[in-house]
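# Chains, contacts and geometry: an overview
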Amino acid sequence: MADIINVGFIGNPNCGKTTLFNAFTGANLKVANWPGVTVEKKEGKTIYEGQEFKLIDLPGIYSLSSYTMEETVSRECIMSNDVDVIVDVIDASCLERSLYLTLQLLELGKPVVLALNMMDIVEERGMEIDLHRLPEMLGTPAIPVSARKKTGLSILLHAIAHHKEYDTQGPFIHHHSGMRSSHRHNHHEEYAMVYEDVIEGKIDMIINALAKEYPDTDNKRWHAIKLLEKDKTITDAYPLPLSSVIDKSYEKDIISQKYDFIEEIISEVLVNKSAKEASTEKIDHYMTDKWLGLPLFLCIMALVFFLTFTIGDWLKGYFEIALELFSGSVSDFLASIHTNDMLVSLIVDGIISGVGGILTFLPNIFILFLALAILEDSGYMSRVAFVMDDIMSKLGLSGRAFLPLLLGFGCTVPAVMASRALEHKKDRFKTILVTPFMSCSARLPIYVLFSSMFFGKYAMLVCYSMYLLGIIVAIGTAFILSKIDGSKAEHALLIELPEYKSPNAHTIAIYVWQKIKDYLTKAGTVIFIASIIMWGILNFGPHGYVTDISESFGSMIGKAVIPLFKPVGLGYWQIIVALIAGIAAKEVVVSSCSVLFGIQNITTTKGMESMVATLGALGFGAANAYALMTFCLLYIPCTATIATIQRELKSWKYTGLILLYQLFAAWVVSFIVYQTASFL
Amino acid sequence: MTLKQGKNNGRYQVISIDTELKLERRLEALGLTEGTLVTILNNDKKGSLTAKFRGTRFALGKCIADHIEVREAGA
């Protein structure tokens, strides 16, 4: 069998590159990160007529300069030996934009094959692309494909295999009307992209200098162009004494001359350009309207929210029943084979209830990411950034951050995961920092219990005030942060609004599956360990295994930190232990309270009455209850969230910082609330 | 005038871009160079606007649109 051909898939964002990549590899792909950066790297394999192809999906980029992480990563990968043939995926419906990257790729001197995707959209709009003239002008094969309909795929592989050896381009047939070159070389026979005489002259001089100083350099023309652009990486690597030739950065000229050539190509290749107005513009007329845009977005999100937390919760109910049955039968089984109590407790109370509790969130996560994938694939998500940009930029956040914040009201885990859509690291950090302040549904049982116990008919209002308080703290935090770092430029919104299209089932299925797998494997392992640790703290004491929680390490910790919690009205060891247990999952605060205070069926009227009496005897009143609710709203999120935050930020340091800040915020706000309430 | 001062459906030609270098290069890589024709799609809001150039629609924040000098290009 012939050697494996390494193929790099590259293209603009939204060009359908991932859909095409998936069409070749299916779900059979390896997802990792590029070394040292958080840019995703996907690899897959396909075999065609006995020839094996290794496919690498490079990040979607507009240019090969080195201004962003994605660009640097792509450029390095293509220049290395990891890639034999470059497949430049082009959105044929916006040829003009795509060709800029193409011209840059051609200059790299590696074999390039163009995959013209979305030809169906081109046809729909009554446009035509001259598929003979395009290769003539660029000197490289151009294959029409449809990633969605899976057509043209074998021809593309064919072209890749055949074009592998071509590292020179051409022949070219250009008719540069009105362009008279007095240059001594006729570069038009060698290169697709030829610059004005001044620049070509400089390129020749630099090539000569490179040949002298660095004779082993491959593709000197490309290096010369990069040196003329004063590209930092190349300038540092190849210092040349040519300050008279490279007297300034010619990047601007090089870019605009490329675009001049692209205009020439478009005028010859694109037939019937002024077609009817695309339907995208009509939809956007409403979607991005000054008044309608926001309500429409809120309606769409309300629907997503509704589906996630009604259908999701409905399915979750069955998951919970199944979990109860499972843990019941496991404990019966373990009892029947006379396993010792401690082991039963570890397996049933620790592992099954911990890990199982997380599994019950699967339906919510599945539906949420299904809805998000549909919105993303249809092209709507970038409109959200535009619609929300004005409001969010006042808080120093990007328009896209609104979505994670809104999702936070449902469950913080998917909300934190959704922050991945944010472009900048700083934005991601800020969003992840404030997202847990959005009161998630797991905290509701705590509010319901304590507000109905202590606030009678005002219970509803008190619950509602928790949500408001969370929003205020989140806004305040974001506002203070934006004042501290004051970096405006990063929020400069610059985002493509792609064509609306009907979502592709295959792409969505792969996207959702990746998310679910992520959630199950990585979050699962951390939660597994965390459940065991929590179980250990609550079931072990200085004298070993204990059945009475008041003798456990948990209660010792609780008793030790009472002085810290006294000023916020929570100086009761049972409450503190319940809060610690609540780190496993917020709902646990309620069940822990019932265990710790020894009250059965705490959510019934009778249970609540006896709880109020017990707490009252300890001096725990309405002010303490409100402080407790506030503390639960703001303090450390549940283990699932912590694990997710760590995974998204890929840093224990920042995760730790976030947790510390949340503890701090919880303490300060509860202190203010408790002291004010006691004073009243 | 700046791009931000443009009207919906108006066609404008870029005279100059005056932002930090990194952003300027990003815009240029997207095809927003001097002389590029830009059609404003939606400039109703106080902040960001949507515009089309070189065949693609973009949303541009106010701090970008404020720093792009343009002139009317006629129909």
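Residues numbered from 1 in each chain as written. Chains lettered and ligands numbered in written order. Predicted model: local features only at pLDDT ≥ 70, side-chain atom pairs only at ≥ 80, totals over all residues.

### Focus on the overall build of chain B
Spelled out, the test is: Helical segments are the DSSP runs of H or I of at least four residues, strand segments are the runs of E of at least two, and each set is numbered from the N terminus. What the globule rule says is 2.2 Å times the number of residues to the power 0.38, and the radius of gyration is computed from C-alpha atoms. Any residue with 12 or fewer other C-beta atoms within 10 Å of its own C-beta is exposed, any with 20 or more is buried, and the rest are partly exposed; the C-beta atoms used are placed from the backbone. A pair of residues counts as a contact when their C-beta atoms, built from backbone coordinates, are separated by no more than 7 Å.
Secondary structure assignment for chain B yields 2 helices and 5 strands. If you list the helices and strands of chain B from N to C, you get β-α-β-β-β-α-β. The C-alpha radius of gyration of chain B comes to 11 Å, within 12% of the 11 Å expected for a compact globule of 75 residues. If one aligns the C-alpha atoms of chain B with their principal axes, the spans along those axes are about 30 × 25 × 20 Å. A total of 75 residues make up chain B; the buried ones form 52% of that total. Summarising the internal contacts of chain B: among those between residues at least 6 apart in sequence, 57% fall at separations of at least 24.

### Here's the deal with the overall build of chain A
Along its length, chain A carries 29 helices and 12 strands. A buried classification covers 42% of the 680 residues belonging to chain A. Across chain A, contacts joining residues at least 24 apart in sequence account for 69% of those joining residues at least 6 apart.

### A short note on the domain arrangement of chain A
How big an interface is tends to be reported as the loss of accessible area on association of its parts. For clarity, the cut-off: Note: domain ranges come from an automatic or database domain assignment.
Entries for chain A in the domain assignment read domain 1 (5-163), domain 2 (187-271) and domain 3 (530-679). Relative placement of domain 2 of chain A and domain 3 of chain A: their C-alpha centres are 64 Å apart.

### Topic: helix α15 (residues 381-394) of chain A
Counting along an α-helix, one turn takes 3.6 residues, and residues three or four places apart therefore face a common direction. Residues and elements named next belong to chain A. What counts, and what does not: The length a helix should cover is 1.5 Å for every residue beyond the first. We define the bend at each residue as the angle formed by axes fitted to the 7 residues ending at it and the 7 residues starting at it.
End to end, α15 covers 20 Å across 14 residues, agreeing with the expected 20 Å (1.5 Å per residue, within 8%). Approximately 60° is the largest bend angle found in α15, and it occurs at methionine 388. Judged by how many residues are buried, α15 sits mostly within the fold: 10 of 14 residues are covered. Among the residues of α15, those classed as buried are Ser382, Arg383, Val384, Ala385, Phe386, Val387, Met388, Asp389, Met392 and Ser393. The positive-phi residue at the C-terminal boundary of α15 is glycine 396, with phi of around 70°.

### Here we look at the interface of chain B and chain A
Formally: Basically, the charged four are Asp, Glu, Lys and Arg, the nonpolar ten are Ala, Val, Leu, Ile, Met, Phe, Trp, Tyr, Cys and Pro, and anything else, Gly included, counts as polar. Any two strands with at least two DSSP-identified bridges between them are counted as paired.
Tallying the contact residues gives 28 residues for chain B and 30 residues for chain A. At the level of elements, α1 (21-29), β4 (56-60) and α2 (62-65) of chain B are the ones that each hand at least two residues to the side of chain B that touches chain A. The dominant element in the side of chain B that touches chain A, judged by the number of residues it contributes, is α1 of chain B, at 6 residues. Residue composition of the side of chain B that touches chain A, by class: 8 nonpolar, 9 polar and 11 charged. Judged from the 4 bridges that link them, strand β10 (residues 494-497) of chain A and β4 of chain B form a sheet pairing that is antiparallel. Bridged to isoleucine 495 of chain A within β4 of chain B is alanine 59 of chain B.

### Here's the deal with the environment of tryptophan 222 of chain A
Residue and element names in this part refer to chain A. Checked against the element boundaries, tryptophan 222 lands in helix α8 (residues 220-228). Taking C-alpha positions, tryptophan 222 is 41 Å from isoleucine 432, a pair spaced 210 residues apart along the chain. When residues no more than four places from it in sequence are discounted, the contact partners of tryptophan 222 are Glu107, Leu108 and Gly109.

### A short note on the nonpolar core
Residue and element names in this part refer to chain A. Rules: The nonpolar core criterion groups buried Ala, Val, Leu, Ile, Met, Phe, Trp, Tyr and Cys residues into a set whenever they are joined through C-beta atoms within 7 Å.
By size, the foremost hydrophobic cluster in this structure holds 195 residues, and its most contacted members are Phe9, Val113, Ala115, Leu116, Met629 and Phe631. If you tally residues by element for this core, the top one is helix α27 (residues 622-634), at 9 residues. With residues up to four places along the chain from it excluded, the contact list for phenylalanine 9 reads Lys17, Leu20, Phe21, Leu55, Ile56, Asp57, Leu58, Val87 and Val89.

### Observations regarding the packing of helix α18 (residues 425-434) of chain A against helix α20 (residues 459-485) of chain A
Residue and element names in this part refer to chain A. Convention followed: Axis definition: a line fitted to C-alpha atoms, over the contacting stretch in the case of helices. Angles run 0 to 180 degrees between N-to-C directions. Should an angle fall under 35 degrees it is taken as roughly parallel, and over 145 as roughly antiparallel, whereas 65 to 115 is taken as roughly perpendicular and any remaining angle as oblique. When the near helix sits turned anticlockwise from the far one by under a right angle, the crossing is termed left-handed; a clockwise turn instead gives a right-handed crossing.
At a minimum axis distance of 9 Å, the contact between α18 and α20 shows a crossing angle of 150°. The orientation of α18 with respect to α20, classified from their angle, is roughly antiparallel. Regarding α18 and α20, the two cross each other, and that crossing is right-handed. Where α18 approaches α20, its residues Lys430, Leu433 and Val434 are matched on the opposing element by Ala474, Thr477, Ala478 and Leu481.

### Looking at the pairing of strand β1 (residues 11-17) of chain B
The sheet contact formed by β1 of chain B and strand β2 (residues 37-42) of chain B spans 3 bridges and is antiparallel. Residue pairing in the sheet places glutamine 13 of chain B in a bridge with leucine 37 of chain B of β2 of chain B.

### Points about the packing of α27 of chain A against helix α29 (residues 652-679) of chain A
Residue and element names in this part refer to chain A. For the pair α27 and α29, the least separation of the axes is 8 Å and the interaxial angle reads 160°. As summarised for this structure, α27 and α29 are arranged roughly antiparallel, according to the angle between their axes. Viewed along their axes, α27 and α29 form a crossing whose handedness is right-handed. Across the interface between the two elements, Ala623, Tyr626, Ala627, Thr630, Phe631 and Leu634 of α27 pack against Gln662, Ala665, Ala666, Val669, Ser670, Val673, Tyr674, Ala677 and Ser678 of α29. Each residue belonging to the contact of α27 with α29 can be placed in one class, and the counts come to 11 nonpolar, 4 polar and no charged.

### Points about unusual backbone geometry
Residues and elements named next belong to chain A. For histidine 338, which is not glycine, the phi torsion reads 55° and is therefore positive. With respect to the helices, strands and loops of the structure, histidine 338 is situated in the loop between α12 (293-336) and α13 (341-359). Among the residues examined, histidine 338 registers 7 C-beta atoms within 10 Å and is labelled exposed. The phi torsion at lysine 650 lies on the positive side, around 55°, for a residue other than glycine. Assessed through the 11 C-beta atoms surrounding it within 10 Å, lysine 650 is described here as exposed.

### Side note on the sheet that holds strand β5 (residues 68-72) of chain B
The 6 strands are arranged β10(A)-β4(B)-β3(B)-β2(B)-β1(B)-β5(B) in an open sheet whose pairing can be described as antiparallel. Edge strands, defined here as strands with exactly one partner in the open sheet, are β10 of chain A together with β5 of chain B. Strand-to-strand twist of the sheet, defined as the mean angle between neighbouring strand axes without regard to direction, takes the value 40°. One ladder, built from 5 bridges, connects strand β3 (residues 49-53) of chain B with β4 of chain B; its direction is antiparallel. Pairing of lysine 52 of chain B across the sheet is with arginine 57 of chain B, part of β4 of chain B.

### Some thoughts on the environment of lysine 483 of chain A
Residue and element names in this part refer to chain A. Structurally, lysine 483 is set in helix α20. According to the C-beta neighbour criterion, lysine 483 is exposed, with 9 such atoms within 10 Å. On a C-alpha basis, the gap between lysine 483 and alanine 643 in space is 29 Å, while along the polypeptide they are 160 residues apart.

### Examining helix α28 (residues 639-649) of chain A
All names here are of chain A. α28 sits mainly inside the fold: 10 of its 11 residues count as buried. Along α28, the positions that sit buried rather than exposed are Thr639, Ala640, Thr641, Ile642, Ala643, Thr644, Ile645, Gln646, Glu648 and Leu649. Looking one or two residues beyond α28, the residue adopting positive phi is lysine 650, at roughly 55°.

### A closer look at the confidence of the model for chain A
Filter applied, for reference: Per residue, pLDDT measures the predictor's confidence, with a range of 0 to 100.
Scored by pLDDT, chain A has a mean of 84; 91% of the residues are at 70 or more. Averaged over each element, pLDDT in chain A is lowest for strand β2 (residues 29-33) of chain A (64) and highest for α27 of chain A (95).

### Remarks on the environment of histidine 424 of chain A
All names here are of chain A. With respect to the element layout, histidine 424 can be found in the loop between α17 (412-418) and α18. Classification of histidine 424 as partly exposed rests on a count of 14 C-beta atoms within 10 Å. It is 28 Å that separates the C-alpha atoms of histidine 424 and tyrosine 250, two residues lying 174 residues apart in sequence.

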